[in-house]
Each structure stands twice: as structure tokens, then as C-alpha cells.
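Below are the chains, spelled out letter by letter.
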Amino acid sequence: MNIDSKFKEDEGTDNKESGKIDNNEQKPEDQVTSAKITTQEDGTDNKESGKSNDKISIKKEVFEDEEPGGSSPKYSFEDETCINYNTFDSDERRQPINTDESHTGGMRLRNFETLENTVNSRKRYQNQDEGLDDNELYLLKKIKTEDTSDDPFQEMWTNNFDHNSLNFEEWEKILNFVDEKNDIVNVRTVYTKFLGLYPLCYGYWKKYANFEKINNNMDEFEKVLEKGLIAIPISVDLWIYYMTYLRTNRSDEVVHIRNEFERSLKSCGLDYHSDQLWHDYISWEVEKTELYNAAQLYYRLICIPNSNYLNNFFEFQEFIFTKLPEQYLEHEEFNKRRNIIIQSLETTHNNIESSFYESIPPGEDFHKNTEFTEDRIMFLLRVGIINEWRDSHNATGIQFESRKIFEENIRRPHFHVNELDSNQIKNWDNYIKFERRIGRNHERIVYLYERCLINVCL
């Protein structure tokens, strides 16, 4: 059924020039209303037919007014927005309603669909999830996922990686990846799993702890370091890193720092490369003006045959001569040493007094030239301390030389996933046999076994 929408033609040119609409002329929205009412009267309503016309595109054909004696050119166009929805239409389509209209402008609309159906078509496109089967929903979900940026870590970690893999190169790749992204959750996930498989990699304990420190998670930083020190307590580098943090960030906790230094020396103070840890401890005590404690540490260090034993003794001598003896000696010991030196000087003076009396120029006071100055007493006191420890230093030198050949043949002093060559294993075996044959220090033998097991561990 055709919808006759009548427009009153302007009989003059005034209305055209002024753009006014006659009272009897229908506005475009009134045309839509009329079309809707007519559609319902014809019984073509969607509810009665049970067919959906939501996606029928709107096609408009516009004709110029025919001029006398000829036909007017024809222009047709389709609403591109509505065209996109045609793919959802069923094959059964309701014939569009033809609308013949004539008005002053000579325009005629044909195949004009109702505005309501157009709006419904748009709504259906926007809510296309509804009514789709499983395959369509899967494809739609995949498209939406591809439109958003996927989490490459989850793709790598969940789908393409064996969490129990012993492929060290693959672990290094994913560790480098999370380090670059700096995502706290991902970093903790990967490092926790990795260090559970490779707890002897002290360098990665440091990297993990440093990550927490950079992100200002100091509690987690300390927890990571503590776990690392429990996993590999003989790691000198890890202890130095930890003690540097305590000295810098918790400098007021003197007792705690001293206890941790002692714990570090108990764990790895016998190591061939432990001299830096010892000197850090000594310098910290000097900073705190605890010179007595520093001197006691030097006494212990002098007896350890580490790689820097010569320099250790030189630094000890410098410490003795640059600090006041009463500061690094207990009060009773200082007075005792001083009195012994004075008595020795007096005895010596009495024995040589008669011999040198004639050598004194006339008029010079003999007692003035043989006066016992405090500087001389302190000089002799310092020399006495160094001489007492020189024998210990010499004995340490002998131990160092006997172990030097084994230590210099250790090419890889840390853990690695690659197997150790046979020459290295043989060197460790000979080193342990040497220590057991001497049998002087059980603690040193145990420590050497621990170093060896980490080195050859797979």
C-alpha cells in the first residue's frame, strides 16, 4: 500500500525566498510518523509477521523535475552506514514501501524505510553478541582480543614456557624480558621460580634484590637478600652487597650491623677472596671510632692466607702507627706495655751511662740527652706490637704459598650450568686432599668442600 503524504505547493515565490513552511505542509518527521502508521494499518508490522526487518537498508532515488519534452536524469544513493548492516539480514526481505511524493522542489522519495527500523538496525549491530552461536561468539571474542594489546609476558610465560625447564638460555631470555618491562608482579613470579631451580646463582639474587630496591620496596629487598644468603651463605659478593646496604641505609643500627658482619665472616671469612669483606668491616669500626675492635679484626685477618695477605699486613702496620695506642689497646694493656718499655729503657740507660759519660761534651747535661720522651716510648710500643704479629704474618705467608697453586688453577670460582672440565675437577680433588693431609683446621676443610660442591654442582 502506498503512503500518500501530501505537501502543499507554494503558489508564489515569497515562501521559497523566505524558507517558510506552509501550515499545511508536512515536516520530514511527520512523514516518518505517517509511514509508520500506514505500515501498522497494512498488517506488515514485525510483531504480526514474525519477520525481522531491522536490517533493511534505506535506498533513496532522487529525481529532478522533468522538464517539458524530456525525462529527468536519475540519481540514486544508499546510506553507507546502513549498508554495513545488510550482511546480517536474512534472505527473506519485506518489500520496501514505495512512497511517491511531489512537492515544489520536484523531489520524490521511493523505497523509504521507517526511521524506527533504521534505529533498530543500528542497535542490533551494536549488540551483535546477542543471538550469536558459539562459533560466532568465539570469532568475535578473538577479534576484540586482537584489537586490544595482549600481554606478551602472559603469552610467553603461560603458553610457550616450561616452568620446570632446565634450559638456562630460555630462563635468561624471560628474565631479561621482565627486567626491561619492570612489572613487579611478573618480575617476582619469574625470579621466585627461577631461583627455586637455581638458588646458587648469587648474581641473580643481587639483581632481584636490586629490583625491589629501585622500586622502593625495602622490606622485600631485605627479604630477598636474606633468602639469597641462606641459599648460598659462602658467597662473598652477596655478603659485601648486603653489608654495604646496611652501612648506608641502617647506619644507626650499630649492634645489628656488627652482628651481621660477624655472621658474614663466620660464613665466608676463610675464603681466598674474602679480603674486601674484612676491610669493609674494619673500616666501619674505624668510622665508629671503635679502634679497639678494628685492631682485633686485624689480628684475626693477619692469620688468614687469602689472596691479599701481604697488603693486609701493610695496612695493619699503617693502622698501628697512625692511631694512638691508647685508642686501640685496653687501658690495662696500654699501661702494662708502656711500663715495660720505660723499665727497659732505664735498664739500658744505667748499663751504658758510664760508657758514654766521657763522650758528652763539656757543659752538656748527660740526663738531658738521655731523657725518655713520650714519643719515643710510643714509637717503641708500636714497634713491639707489630713485631709480635710479624711471626703470625710470616706463618700465614707459608700457608698462602702452599695453597696458591691450587687457587690459581681454579678457573671458575662460582656456580654455572655448564659442566666443569676434568682438569678442574682434578684440581679440586688434589686441593681437598692437601687440606685433609695437613689437618690443621677442620673448619677450613669443611669450607673447601662447600666451595667445591658449588663449583661442580649441576
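Predicted model only: the values in this text are computed from it and were never measured. In this numbering scheme, every chain counts its residues from 1 along its sequence in written order. A pLDDT threshold of at least 70 governs which residues receive local features in this predicted model, and a stricter bar of 80 or more applies before side-chain atom pairs are shown or counted, although totals over entire chains, interfaces and linings include all residues. Heavy atoms throughout the structure, all of them, feed into the side-chain values; hydrogens and water do not.

Visitor: I tried to follow the environment of C201 on my own but got confused; where do I start?
Guide: Runs of E in the DSSP output that reach at least two residues are strands. Runs of H or I that reach at least four are helices, and both are numbered from the N terminus. Assignment of secondary structure puts C201 in the loop between α9 (184–197) and α10 (202–214). For the pair formed by C201 and H416, sequence separation is 215 residues and the distance between their alpha carbons is 7.7 Å. The criterion used for residue contact is that any of the two residues' heavy atoms lie within 4.5 Å. Those residues in contact with C201 that sit more than four places away from it in its chain are F168, F194, L195 and F415.

Visitor: Would you take a moment to explain the nonpolar core for this structure?
Guide: One broad rule of soluble globular proteins: the nonpolar side chains tend to lie buried together. The criterion is simple. A nonpolar core is a set of buried Ala, Val, Leu, Ile, Met, Phe, Trp, Tyr and Cys residues joined through side-chain atoms within 4.5 Å. Working definition: with a 1.4 Å probe on protein chains only, accessible area under 20% of the residue-type maximum means buried, over 50% means exposed, and in between means partly exposed. F194, L277 and F316 are the most contacted members of the largest nonpolar core, which totals 73 residues. The element that contributes the greatest number of residues to this core is helix α12 (residues 236–249), accounting for 9 residues. Excluding residues within four positions of it along the chain, F194 makes contact with F168, W171, L175, C201 and Y204.

Visitor: Is there a simple way to think about the environment of I240 in this case?
Guide: Mapped onto the secondary structure, I240 falls in helix α12. Residues I240 and Q276, spaced 36 residues apart in sequence, show a C-alpha to C-alpha distance of 7.8 Å. Once residues within four sequence positions are removed from consideration, I240 is found in contact with Q276, L277 and D280.

Visitor: Explain the pattern of salt bridges here, please?
Guide: Opposite charge on two side chains makes pairing possible when the charged atoms of those side chains draw close. Salt bridges are identified by distance alone: a Lys or Arg side-chain nitrogen within 4 Å of an Asp or Glu carboxyl oxygen. Applying the stated criterion across every chain yields a total of 19 salt bridges. In this structure, the salt-bridge partner of E262 is R300, at a minimum N-O distance of 3.2 Å. Of the two residues, E262 sits in helix α13 (residues 254–268) while R300 sits in helix α15 (residues 291–301), which places them 38 residues apart along the sequence. By relative accessible area, E262 is classed as partly exposed at 29%. The partner of K433 in a salt bridge is D429, and the shortest N-O contact between them spans 3.2 Å.

Visitor: Looking at this model, I keep getting lost on the packing of α12 against α13. Mind explaining?
Guide: Each pair of packed helices can be described by the angle between their axes along with the distance between the axes. Packing of α12 against α13 leaves a shortest axis separation of 11 Å and a crossing angle of 175°. Between α12 and α13, the angle falls in the class roughly antiparallel. Residues V236, W239, Y242, M243, L246 and R247 of α12 lie in contact with α13, whose contacting residues are H256, I257, E260, F261, R263, S264, S267 and C268. Partitioning the contact of α12 with α13 into residue classes produces 8 nonpolar, 3 polar and 3 charged. Axis definition: a line fitted to C-alpha atoms, limited for helices to the stretch in contact. Angles are taken between N-to-C directions and run from 0 to 180 degrees. Throughout this description, any angle smaller than 35 degrees is read as roughly parallel, any larger than 145 degrees as roughly antiparallel, any in the 65 to 115 degree range as roughly perpendicular, and the remainder as oblique. Gly counts as polar in this scheme, as do all residues outside two lists: the nonpolar Ala, Val, Leu, Ile, Met, Phe, Trp, Tyr, Cys and Pro, and the charged Asp, Glu, Lys and Arg.

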